[in-house]
Amino acid sequence: MSSQKHLIAPSILAADFAKLYDDIIMVNESEADLFHIDIMDGVFVPNISFGFPVLQAIAKHALKPLDVHLMIVDPDRYLKTCQELGADIITVHYEACTHLHRTVAAIKELGCKAGVALNPHTPVSLLKDIVQDVDMVCLMSVNPGFGGQQFIERTYQKIKELRALALENNTDLLIEIDGGVGTANAGKLLAAGADVLVAGNFVFSSDNPKQTIVDLKAVDPTIHFA
Ligand code: DX5
Ligand code: ZN
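Residues numbered from 1 in each chain as written. Chains lettered and ligands numbered in written order. Predicted model: local features only at pLDDT ≥ 70, side-chain atom pairs only at ≥ 80, totals over all residues. Heavy atoms only, no water.

Details of the coordination of the zinc ion (ligand 2)
For the zinc ion (ligand 2), the protein coordination sphere consists of His36 (NE2), Asp38 (OD), His69 (ND1) and Asp178 (OD), at 2.0 to 2.3 Å. The site at the zinc ion (ligand 2) holds six donor atoms, and with the angles between them running 70 to 170°, its shape is octahedral. If you list the donors of the zinc ion (ligand 2) from N- to C-terminus, the spacing comes out as H-x1-D-x30-H-x108-D. Within this pair, whereas histidine 36 is found in strand E2 (residues 35–40), its partner aspartate 178 is found in strand E7 (residues 174–178), the two being separated by 142 residues in sequence. In this structure aspartate 178 comes out as buried when scored by relative accessible area, which is 8%. (Donors = N, O, S within 2.8 Å, 3.2 Å for Na, K, Ca; no water. Tetrahedral: all angles 85-135°; square planar, octahedral: opposite > 155°, others 65-115°. Helix = DSSP H or I, 4+ residues; strand = E, 2+ residues; numbered from the N terminus. Buried < 20%, exposed > 50% of the residue type's maximum accessible area, 1.4 Å probe, protein only.)

Details of the site of ligand 1
Close to ligand 1 lie 19 residues, the nearest being Ser11, Asp38, Gly145, Asp178 and Gly200. A distance of 2.8 Å is found between an oxygen atom of ligand 1 and a backbone nitrogen or oxygen belonging to glycine 200. Between an oxygen atom of ligand 1 and a side-chain N or O atom of asparagine 201, the distance comes to 2.9 Å. Sorting the residues of the shell around ligand 1 by element identifies E2, strand E3 (66–71) and strand E8 (196–199) as the ones contributing at least two each. Split into classes, the residues belonging to the shell around ligand 1 amount to seven nonpolar, ten polar and two charged. (Near = heavy atom within 4 Å. Polar contact = N/O pair within 3.5 Å; in protein donor to acceptor, adjacent residues only side chain to side chain. Nonpolar A, V, L, I, M, F, W, Y, C, P; charged D, E, K, R; others polar.)

So, in structure tokens, the structure goes:
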């Protein structure tokens, strides 16, 4: 884990879309660091979330960086759109990119941070020849497509392997964990080497989302898992 404090990225997928503005303001006023925005196409994943008009609407009010997670096939088609609409980080799936090196370069040429997401079955070792080029790796700790799923325990091992791979290659990157994250597993995730915790239902289904974000931000891996 890098020395800086971990980042919290509430996943807007779990917000109440009928009062999205209120939820955006809540995140703005909270201790959260990023907005995590899940875009799905019903092809790469068996669900459709929301598209670019919603990203645009979020960007209009969001005061924190936008972490856009593209769960779509052939994401190259929409990188420029994402950047124009205000994405700061664009994450594409390893499994959705035939020419991942080119895609990562294209994201960086747009001036955005480049993220690569791995499905739970995809080994970290496959990133060996791209790890130096990416700013963030998103380890899916559920199968992508839906919020509220159960965390996959194997993720801890993948975090350790990824941190080791980054060190071996003399590079630093953010390790983001997406799916089933809450205060019950946050300490162990951070102790394993995670930097960014995405949390959807754990935040938005709680009685006091702002306080829940404080709780996630306050998790100290050295206390829980020294
Ligand atoms: C799943 C999405 C996640 C999701 C996480 O496909 O990529 O970002 O919103 O939701 P929770 O935290 O509820 O598992
Ligand atoms: Zn996501």
